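# Geometric and topological summary
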Amino acid sequence: MFGIYLKRELGRRKKAALVIALGLALGIALVITVNSVSAGMTQAQDKVLKSLYGLGTDMTVTKARTAPTSGSSGGPNFKFDAKSSSSSTQSSDRVQTQGGQALKSSLVTKVADQTGVESAVGALSLNVTKVDGSFTQGKAKSSTSGSSSTSGGGQGQPGGGTATGQPQVQGGGANFNVNSYSVAGVDVAHQGLGPLSTMKITTGKTFTSAQTSAKVAVVSKSYAKEKKYKVGSTFKISSTKFTVIGIATPDSSESDTDVFVPLKVAQTLGDAKNQVTTIYVKATDSKQISAVKKEITANISGTTVTTSADLASTVSGSLSTASSLATSVGKWLSIAVLVAAFLVAALLTSSAVSRRVREFGTLKALGWPSRNVTRQVVGESMVNGLIGGALGIALGLGAAYAVTAISPKLTAQVGSTGGGAGGGPGGGGPGQQASQNTLEIALSAPVSLTTIALAVGLAVTGGLIAGAMGGWRASRMRPADALRSVS
Amino acid sequence: MYRLTGVTKRYTRGKETVEALRGVDLTIEDGDQLVIQGPTGGGKSTLLQMIGGLDRPTEGSVELDGVDLARISETKLTRLRAEKIGIIFQSFNLIPTLTAQENVETALVPLGIKPAERRERAAEALRSVGLGERLTHAPSELSGGQQQRVAIARALVKKPKVLLADEPTGNLDEGTRDDIMALLEGLWHEYGLTFIMVTHDSSIARRAPRLATIKAGEIALTEQGGGQRYAQQAAAGHGQQQAAAYGGPQGQQPYVQQQYGGGQGY
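Residues numbered from 1 in each chain as written. Chains lettered and ligands numbered in written order. Predicted model: local features only at pLDDT ≥ 70, side-chain atom pairs only at ≥ 80, totals over all residues.

Each partner contributes residues to the interface: chain B has 22 residues there, and chain A has 22 residues. Mapped by element, the contributors of at least two residues to the side of chain B that touches chain A are helix H1 (44–51), helix H2 (74–84) and helix H3 (100–105) of chain B. In terms of residue count, the dominant contributor to the side of chain B that touches chain A is H2(B) (four residues). Here the side of chain B that touches chain A is built from residues that sort into nine nonpolar, seven polar and six charged. (Contact = placed C-beta atoms within 7 Å. Helix = DSSP H or I, 4+ residues; strand = E, 2+ residues; numbered from the N terminus. Nonpolar A, V, L, I, M, F, W, Y, C, P; charged D, E, K, R; others polar.)

See below:
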């Protein structure tokens, strides 16, 4: 009887059942969507962090930042000869360690020896600023006296000679291109950890462990495209000739390193013998990261240890905004909608029970125990809840797939702000540029089984809450209500 | 046998206390027919609720075969209703979503009868009230008289000891009323039921062997001697109109002979 009665009731009161089910469905769909988008955000953030660190890197050790002392490693400095020829093309590379701050190579072993550290690998990041162009000497006119030719500054076209008095210099000038790119020195013996671990070699091959001093390079795909490099191409950095052996694609959409060379070679290039800029650390237990961080900070002075958690807090941009939106606003919105849906379902069920006073009173008068009547009401609610749950899951899955299909692009700015310690008075560019990295990540909304289980749980809960409310009312009805003349 | 002693029922409505029944004493023998009559709000329905175990008196006792319905537990009272008491309502009170047969089955659910037997007994009960062809009809597909027949089948399918009827013809036209009354009287005879009925209809009331009139919560009993009593009234020139309403001169016959017992197929 329970089943037949249930079926008939739901069949007849389709509209009311649908309203309750839709209310619940909306709440549940929202929970699924917010949960999935939130999971997508976390994935996106992980991707961003992975792109910086590589899989398996738990933290990095860098030199603690100190204020640049005047004169030492200031801005890039270029030297050009002011030849007497009227016009000449010149080129100069300025190679500088990133941020101008380096650690001794011996620290790599020291870090590796710390408790909780599984492995540590050093890497050297360099910034190469290439300036090339032509320089034209100004000609002094006879009607003017003196010569005050000015060489071009670091950048741009300073224009013609200054006209401060007589004699005048006319027609002089310089035309330079400034081109900067980043080079990473990779420990060829331990490529699983370090800057190259975020890249996948798509063409050619990577370094062999024997190529510690080889003049070979792996270039990033975007840089190779820009420079039209192929495997086998050659290029020069500060007059050292390199051969491209591989082209690498970053795991995420963008990488901040353009060229990878063996560590030793990079140290020679950057005049940073036995120096590294970053030590990549893998902890033995990923849950002990903060303890290991403390250990390293305490035992090795003058270093900054950055964990992925630290880095995550520096992620900014639309990803960060969307992420906090999903976790805060989205969470509260879905809770609010869910609570409202539960309330509406409970009230509708309760009022439906009130309208059936005589029906339930009659059943009681016929000798139906209260529990049978209550069971009937709760049963109806549960089915409503489950229908709502099914609709909600369908709706939520649809929304999540829609998000994944559209995959809105989010940008993330990663890196410490104000990291321009290396960018001295003149330049400013390179140091800043490398430490501030913008990534573009496509957002997806993966739906996990846990989310589905949560939705089903919510549907059952919603049905139970509504049923409990209605059942309680039904159980309180007296058999004498059957004699009421209201219809 | 029913024995009501000093039954008083008070309701509290806001600050006001309404006394619906005032110390009612009443004895109803097994197989008796009692009609309860009286003005609206006089306490008729309240008395029926006490007798049917649908509500409990504030004071006094309602004994059915020695069991005081005012004192037994809710579970036992519910069980007693399920087993011994069949009820018919003015508005039929059928479950709108269930078919005629399923509606009748609802009376057997609390008795723990297996579905197959339930269905068989429900069909049988419906056939006995002349609705053998309407088993799968929903209440909305049936006329008022047919709905009340379903309700009667529902009340009797469990073979109760007592049949209570609250204005069973109140929502029916005259012709249908006579059909239903004939059916009820026939069943009363056939099953040897204790039949207690509340009605507004004085022509029905006049036919009852025993009439209880309730006014302002107090009861007055009249022994009428049934159809004979009605016949005497008719001969004395009273109630011609009522007699006509039952079908003229034939109104002198009991319903059973007139319509049900007359073999019209119930």
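Now that the structure is up, let's keep going.
Residue and element names in this part refer to chain A. Structurally, Ser220 is set in strand E9 (residues 216–220). Note on Ser220: 24 C-beta atoms within 10 Å, which makes it buried. Counting along the chain gives 39 residues from Ser220 to Val259, while the straight-line C-alpha distance between them is 6.3 Å. (Buried ≥ 20, exposed ≤ 12 C-beta atoms within 10 Å, placed from the backbone.)

Right, let's talk about H2(B) for a bit. Along H2(B), the residues that are buried comprise Leu77(B), Thr78(B), Leu80(B), Arg81(B) and Ala82(B). The inward-facing, buried residues of H2(B) abut helix H9 (357–365) of chain A together with strand E6 (85–88) of chain B.

Here we take up the sheet that holds strand E5 (residues 67–68) of chain B. Residue and element names in this part refer to chain B. With respect to topology, four strands assemble into an open sheet ordered E2-E1-E4-E5, the strand pairing being antiparallel. Of all the strands in the sheet, just strand E2 (16–28) and E5 have a single pairing partner and so form its edges. In the sheet, strand E1 (residues 2–13) pairs with E2 via nine bridges, with the strands oriented antiparallel. Within E2, the residue paired with Arg13 across the bridge is Glu16. (Pairing = 2+ DSSP bridges.)

Confidence in the prediction of chain A, expressed as mean pLDDT, is 77, and 77% of residues score 70 or more. Taken as a whole, residues 144–164 of chain A scores under 50 in pLDDT and shows 49 contacts with residues more than four places along the chain or in a different chain. (pLDDT = per-residue confidence, 0-100.)

Next up on the list: the sheet that holds E6(B). Residues and elements named next belong to chain B. In space, the six strands of this open sheet follow the order E6-E7-E8-E3-E9-E10, with mixed pairing throughout. Since the sheet does not close on itself, it has two edges, and those belong to E6 and strand E10 (218–223), each with one partner. Along the sheet, successive strands turn relative to each other by an average axial angle of 20 degrees, direction set aside. Pairing geometry for strand E7 (residues 162–166) and strand E8 (residues 194–198), over five bridges, is parallel. Counted as the bridge partner of Leu163 is Phe195 from E8. The sheet strands contacting H1 are strand E3 (33–37), E7, E8 and strand E9 (210–215), and the helix crosses E8 at an angle near 155 degrees. (Axes fitted to C-alpha atoms, helices over the stretch in contact; angles between N-to-C directions.)

Let's shift gears to unusual backbone geometry. Residue and element names in this part refer to chain B. Look at Asp65: it is not a glycine, yet its phi comes out positive at around 50 degrees. As for its placement among the helices and strands, Asp65 is situated in the loop between strand E4 (59–64) and E5. The exposure class assigned to Asp65 is exposed, which follows from the 11 C-beta atoms found within 10 Å. Its identity is not glycine, yet Lys159 carries a phi of approximately 55 degrees, on the positive side. By secondary structure assignment, the location of Lys159 is in the loop between helix H5 (144–156) and E7.

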